[in-house]
Amino acid sequence: MSNNSTNFLQSINAFVDKAKANSELIVKKGCINVLQDIIRMSPVGQPAIWKSKPPKNYSGGLFRGNWQISFDIPVTNAIDRIDPTGMDTLKDGIEQIGRYTYGVKSVYFTNNLPYSVRLEFGHSKQAPNGIVRIAALNTQAHFDNAAKGG
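First, a word on scope: everything that follows refers to the structure included in this document.

1. Topic: the packing of aromatic side chains
Part 1 of the argument: Counted under the stated rule, the structure contains four aromatic pairs.
Part 2 of the argument: An aromatic cluster is built from Phe63, Trp67 and Tyr115, whose rings are joined through pairwise contacts.

Next comes the structure, spelled out in structure tokens:
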């Protein structure tokens, strides 16, 4: 192979590698913004406004703390993290999103608590229009901004 051919192939490979790295970064930034939306919109139990008494030793934040990120296969379990601020959930989610690579086909944002579907469909006055459905409306804008370098 001639020197020109080698240089050309190296240039093509460098371009492909850069394109892959750029697309990975766009997906990572977009996913982090979607996760932030989901966590921010996730209701945190406020027993003071409930019609019924809360369970003994109740602490709000289990739903907000149960958001999990996975690739290609959705997570099927719930976790015991109580996170009323969402900061630990966001930290763990960002760490997982950081593992995203070019070959991943799907990114899943999963909350497997038994009452998550009820919350998504208006059970909480804090999220009467849902959480994921609202976040989904903003997804394209998040990815467009990430592609622009935002």
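2. What about the pattern of salt bridges?
Part 1 of the argument: Counted under the stated rule, the structure contains five salt bridges.
Part 2 of the argument: The salt bridge partner of Asp37 is Arg40, with a shortest N-O separation of 2.9 Å. A residue pair is termed a helical-turn pair when its members lie 3 or 4 positions apart in one helix, as Asp37 and Arg40 do in helix α1 (residues 3–41) at three residues.
Part 3 of the argument: For the salt bridge of Glu95 with Arg99, the shortest nitrogen-to-oxygen distance reads 3.1 Å.
Part 4 of the argument: Look at the salt bridges and you will find they share partners, linking Arg81, Lys91 and Asp92 into a network.

3. Quick word on the nonpolar core
Inside soluble globular proteins, nonpolar side chains tend to come together where they are buried.
Part 1 of the argument: By size, the foremost hydrophobic cluster in this structure holds 20 residues, and its most contacted members are Leu35, Ile38, Phe63, Trp67 and Ile131.
Part 2 of the argument: Breaking this core down by element, the ones donating at least two residues are α1, β1 (68–71) and α2 (87–97).
Part 3 of the argument: Looking at which element gives the most residues to this core, the answer is α1, with seven residues.
Part 4 of the argument: Excluding residues that lie within four positions of it along the chain, Trp67 makes contacts with Leu35, Ile38, Ile39, Ser42, Arg81, Thr89, Phe109, Thr110, Asn111, Ile131 and Val132.

4. What about the environment of Leu35?
Part 1 of the argument: As for its placement among the helices and strands, Leu35 is situated in helix α1.
Part 2 of the argument: Between the C-alpha atoms of Leu35 and Gly93, which are 58 residues apart in sequence, the distance is 7.4 Å.
Part 3 of the argument: When near neighbours in sequence (up to four residues on either side) are disregarded, Leu35 contacts Trp67, Ile69, Thr89, Leu90, Gly93, Ile94, Ile97 and Phe109.

5. Quick notes on helix α4 (residues 132–147)
For an α-helix, 3.6 residues make a turn, and residues three or four places apart therefore share a direction.
Part 1 of the argument: With 16 residues, α4 should reach 22 Å at 1.5 Å per residue; the first-to-last C-alpha distance of 22 Å fits that figure.
Part 2 of the argument: Along α4, the sharpest kink reaches roughly 40°, centred on Asn138.
Part 3 of the argument: Listing the buried residues of α4 in full gives Ala135, His142 and Ala146.
Part 4 of the argument: Of the residues one or two after α4, Gly149 is the one with positive phi, at around 95°.

6. Here's the deal with a nonpolar patch on the surface
Part 1 of the argument: Taken together, Ile49, Trp50 and Tyr58 make up a surface patch of nonpolar side chains, about 290 Å² in accessible area.
Part 2 of the argument: Within the secondary structure, Trp50 is located in the loop between α1 and β1.

7. Here we look at unusual backbone geometry
Part 1 of the argument: At Asn57, a position not held by glycine, the phi torsion is positive, near 60°.
Part 2 of the argument: Along the chain, Asn57 turns up in the loop between α1 and β1.
Part 3 of the argument: Classification of Asn57 by relative accessible area gives exposed; the value is 72%.
Part 4 of the argument: With a phi angle near 70°, Asp72 is a residue other than glycine that sits in the positive phi range.
Part 5 of the argument: Inspection of the secondary structure puts Asp72 in the loop between β1 and α2.

Rules and cut-offs
- Residues numbered from 1 in each chain as written.
- Predicted model: local features only at pLDDT ≥ 70, side-chain atom pairs only at ≥ 80, totals over all residues.
- Heavy atoms only, no water.
- Phe/Tyr/Trp six-rings, centres within 6.5 Å; stacked < 30°, edge-to-face > 60°.
- Salt bridge = Lys/Arg side-chain N within 4 Å of Asp/Glu carboxyl O.
- Helix = DSSP H or I, 4+ residues; strand = E, 2+ residues; numbered from the N terminus.
- Core = buried A, V, L, I, M, F, W, Y, C linked by side-chain atoms within 4.5 Å.
- Buried < 20%, exposed > 50% of the residue type's maximum accessible area, 1.4 Å probe, protein only.
- Contact = heavy atoms within 4.5 Å.
- Expected span 1.5 Å × (residues − 1).
- Bend = angle between axes of the 7 residues up to and from the residue.
- Patch = residues over 30% accessible without salt bridge, like charges linked within 9 Å, V, L, I, M, F, W, Y side chains within 5 Å.
- Areas by Shrake-Rupley, 256 points an atom, 1.4 Å probe, with all protein chains shown as cover.

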